[in-house]
Amino acid sequence: MHPLQCVLQAQRCLRWGPLTSVSWLLLRTCRAHSGVRSSAGPSPERRQEDGVWKDFSSRLATGPTFQHFLRSASVPQEKPSTPDVEDPPPYLTVDDLLGRQRKVYLETYGCQMNVNDTEIAWSILQKSGYLRTSNLQEADVVLLVTCSIREKAEQTIWNRLHQLKSLKSKRLRSRVPLRIGILGCMAERLKEEILNREKTVDILAGPDAYRDLPRLLAVAESGQKAANVLLSMDETYADVLPVQMSPSATSAFVSIMRGCDNMCSYCVVPFTRGRERSRPVASILEEVRKLSEQVLQLIHERDNICKQIHLPAQSGSSRVLEAMRRGYSREAYVELIHHIRESIPGVSLSSDFIAGFCGETEEDHLQTVSLLQEVQYNTGFLFAYSMRQKTRAYHRLKDDIPEEVKLRRLEELITVFREEATKANKTFVGCTQLVLVEGLSKRSATDLYGRNDGNLKVIFPDVAMEDVTNPGLRVQAQPGDYVLVKITSASSQTLKGHVLCRTTLKDSAAYC
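As the structure is a prediction and not an experimental result, all values here were calculated from the model.

### Some points on the side chain of Ser-255
At step 1: With respect to the secondary-structure elements, Ser-255 resides in the loop between β6 (226-228) and β7 (257-258).
At step 2: Taking relative accessible area as the criterion, Ser-255 reaches 9% and is therefore assigned buried.
At step 3: Engagement of the side chain of Ser-255 in a polar contact is seen with the backbone oxygen of Met-257, the distance being 3.2 Å.
At step 4: When near neighbours in sequence (up to four residues on either side) are disregarded, Ser-255 contacts Met-113, Asn-116 and Arg-279.

Right, here's the structure in full:
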C-alpha cells in the first residue's frame, strides 16, 4: 500500500483523535518506507530516490519525535490552584467554560481506580462552578464513570444509557437540556461507537481527559457531540486533589500511579488506561498529608472518636533512626508531635522504643532518654533489640551491643518513661472523665475498669449509681455503658476514681 494511502486509512480510523496522532503516524509510515529495499537490485532512479529518502530520514532523526506531538508531553508544571478556569480555546469564551451552577450527577462503575477517577473529575468540575447532586431527577449533567474489564460491565452501561434516554426525552423544555457523558475505560475502548450507537450520549472523555471536561461540556451545550479520548504519556493529575464523593466515608484511597505496562494476555487495561506512569512523590505525600489533617480534625471534633494516637519513635537519635531506615529524623518527629498536640488539645500519645539497636552508642541512648522526657508519653512499649533473620539488619549490620548493656539501657528507658507518664497522667486527678466500661478489673472482683477518651485504663468501684437518662433509677454499670468517673489518683499505667453516674455520649458533655 502506498504510504499516503496508509495515512488516509489511519486518519479515517482515528477521526475522533487529534491531528497530532495522524502526524505521528505519518512520521512512522515515512520512516518505515524509507527503509524498504528491492530484491532485484537498485536502478539509477531507485538509487537517487533512496538518496532522497536517506537524506529525509537523517533529517527526521534530528527532527521532532513522538513526544513533540503528544498533548502535555513536556515535564508537568505545577498548575496554579487559584484560577477556576484555564484559558479557553479560540472558539469558546471563559464564560462558556463555567458551570454556572448546573448540577452534576455522577455514577461510578467498576474498580477502585474508577472511584478515584470520579473524585478527580468532580474536583475539576467543582472548580469550574458546577454543583453536585445525588438526585438524578434534578441533574443537568449525568456522567457515568465506566469499566471495560468484562463484557458484562459494558452491557451494564448500555442498559443504563437506555434508561437515561427515557429520562432525557421527558425533560421539560423549560429546563436546560440534559447532557449525558461517558467517562473512563469504556469511552476509551469504544470511542465513536458509543456516539454512533447511542445518540443520547453528548460527550466522551477517556481516563486521561478529565481536565478537558469543562470544554467538552461547553461544546455539548451548543448541541454538538464532543469527545477527547487521547491517552497521555504523563498525565497523573498530580496537582488535582480528589474530592471524596461520600462525606460519611470511613476510608480513603490514594492513587500513586496510572496505566499498566504488564500486557497480560487477557487484559484490556493497558489499552484503556495507557502506559504505566507514577505520580510525583511530592504530590502523593501532599494528598496523604491533607487526609491526615482531616483525620486529626475529625478526632478533635467527634466525641465518639478516641483522642489517642500511637506514634512509634523507636529511637530518639537521628543517627540510629537512619540506620533503622525509619525515614524521619528526631527533629521531624518532634515537629509532628507538636502539630498533633496543637490540632487535638489533650491528646494522649503512645509510642514504641527499642533499646540497644545495632551500633547504638551511649550518646544515642541518652538522646532516646531525652525524647521520652520531652514528649511525656501516656503509654509506652519498650523492648531490648533482638536480631531477626532475613531482615536488612541481619544481612547488613552487626548486633554489637552486649546483652547486659541492652538490658541496662532498657531498664533506664522504662524508668524514665514511668516517671514522665506518671506526671502526664496526674494532670487528670480532680477531673471528671467519660469512661467506656469494658468489664471487671483483673486485680479486684469489686472493681470495674474501662477506657477514657485518651485510651487510658480507669479503675473504679463496681457500685450502684444514678442513671442520667432515668432520674431516680439506680443501676450497675455493664460492659458497653458510658459512666462518669472523678479521678482521685494516677500512676504510669492507670487512673483510679469514684463513679458518679451512668450517662451517654450526648449527655456527658454537660458534665465533662
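### A look at unusual backbone geometry
At step 1: Positive phi outside glycine occurs at Tyr-237, with the angle close to 55°.
At step 2: For Tyr-237, the location among the structural elements is in the loop between β6 and β7.
At step 3: A relative accessible area of 1% means that Tyr-237 is categorised as buried.
At step 4: The backbone of Asn-455 shows a phi angle near 65°, a positive value even though the residue is not glycine.
At step 5: Locating Asn-455 in the fold gives a position in the loop between β13 (447-451) and β14 (457-461).

### Digging into the side chain of Arg-179
At step 1: Along the polypeptide, Arg-179 turns up in strand β4 (residues 179-184).
At step 2: In this view, Arg-179 contacts Asp-140, Val-141, Val-142, Asp-202, Ala-220, Glu-221 and Gly-223; residues no more than four positions away in its chain are not counted.

### Observations concerning the sheet that holds β4
At step 1: Spatial ordering of the open sheet is given by β2-β1-β3-β4-β5-β6, a layout of 6 strands whose pairing is parallel. At either end of the open sheet lies a strand with only one pairing partner, and these are β2 (131-132) and β6.
At step 2: With respect to the sheet, helix α4 (residues 112-127) is in contact with β1 (103-108), β2, β3 (141-146) and β4, its orientation differing from that of β1 by roughly 170°.
At step 3: The strands that helix α8 (residues 213-221) touches are β3, β4, β5 (203-205) and β6; relative to β5, the one it contacts most, it runs at about 165°.

### Brief notes about the sheet that holds strand β11 (residues 379-384)
At step 1: Spatially, the 3 strands line up as an open sheet ordered β9-β10-β11, and their pairing is parallel. Where the open sheet ends on each side, the last strands, each with one partner, are β9 (308-310) and β11. Taken over all neighbouring pairs, the strand axes of this sheet differ in orientation by 10° on average, direction set aside.
At step 2: Where strand β10 (residues 348-355) and β11 come together, 6 bridges link them in parallel fashion. Bridge assignment links Ser-350 to a residue of β11, and that residue is Thr-379.

### Re the nonpolar core
At step 1: In this structure, Val-104, Leu-125, Leu-143, Leu-183, Ile-203, Tyr-210 and Leu-213 are the most contacted members of the largest nonpolar core, which totals 28 residues.
At step 2: Of all the secondary structure elements, the ones that give two or more residues to this core are β1, α4, β3, β5 and α8.
At step 3: Ranked by residues supplied to this core, first place goes to α8 with 6 residues.
At step 4: Discounting chain neighbours no more than four positions away, the residues touching Leu-183 are Ala-121, Leu-143, Leu-144, Val-145, Thr-146, Ala-205, Tyr-210 and Leu-213.
At step 5: Grouped together as the second largest cluster of nonpolar side chains are 26 residues, Leu-296, Val-347, Phe-353 and Val-375 included.

### With respect to the packing of aromatic side chains
At step 1: Inspection of the entire model under this criterion finds 4 aromatic pairs.
At step 2: On the numbers, 4.9 Å between centres and 75° between planes, the contact of Phe-357 with Tyr-385 is edge-to-face. Taken together, the positions of Phe-357 in the loop between β10 and α13 (362-375) and Tyr-385 in the loop between β11 and α14 (392-396) put the pair 28 residues apart, joining distant regions of the chain.
At step 3: By relative accessible area, Phe-357 is classed as buried at 6%.
At step 4: Positioned above the aromatic ring of Trp-158, the side-chain terminus of Arg-197 is 3.7 Å from the ring centre.
At step 5: Positioned over the ring face of Tyr-449 is Lys-457, at 5.3 Å from the centre of the ring.

### Some remarks on the pairing of β10
At step 1: Extensive coverage of β10 is indicated by the burial of 6 of its 8 residues.
At step 2: In terms of strand pairing, β9 meets β10 through 3 bridges, oriented parallel. Paired with Gln-308 across the bridge in β10 is Ser-348.
At step 3: Taken together, β10, α13 and β11 form a β-α-β motif whose crossover is right-handed.

### Points about the packing of helix α12 (residues 330-343) against α13
At step 1: Where α12 contacts α13, the axes come no closer than 12 Å and their chain directions differ by 10°. Looking at the two axes, α12 sits roughly parallel to α13. Counted together, Arg-330, Tyr-333, Val-334, Ile-337, His-338 and Arg-341 of α12 and Gln-367, Ser-370, Leu-371, Glu-374 and Val-375 of α13 form the full contact between these two elements.
At step 2: Looking at the contact of α12 with α13 residue by residue, the classes come out as 5 nonpolar, 3 polar and 3 charged.

Parameters at a glance
Residues numbered from 1 in each chain as written. Predicted model: local features only at pLDDT ≥ 70, side-chain atom pairs only at ≥ 80, totals over all residues. Heavy atoms only, no water. Helix = DSSP H or I, 4+ residues; strand = E, 2+ residues; numbered from the N terminus. Buried < 20%, exposed > 50% of the residue type's maximum accessible area, 1.4 Å probe, protein only. Polar contact = N/O pair within 3.5 Å; in protein donor to acceptor, adjacent residues only side chain to side chain. Contact = heavy atoms within 4.5 Å. Pairing = 2+ DSSP bridges. Axes fitted to C-alpha atoms, helices over the stretch in contact; angles between N-to-C directions. Core = buried A, V, L, I, M, F, W, Y, C linked by side-chain atoms within 4.5 Å. Phe/Tyr/Trp six-rings, centres within 6.5 Å; stacked < 30°, edge-to-face > 60°. Lys NZ or Arg CZ within 6 Å of the ring centre and 35° of its normal. Right-handed = clockwise from strand over helix to strand, strands pointing away. Parallel < 35°, antiparallel > 145°, perpendicular 65-115°, else oblique. Nonpolar A, V, L, I, M, F, W, Y, C, P; charged D, E, K, R; others polar.

Limitation: the analysis is restricted to geometry and does not speak to function.
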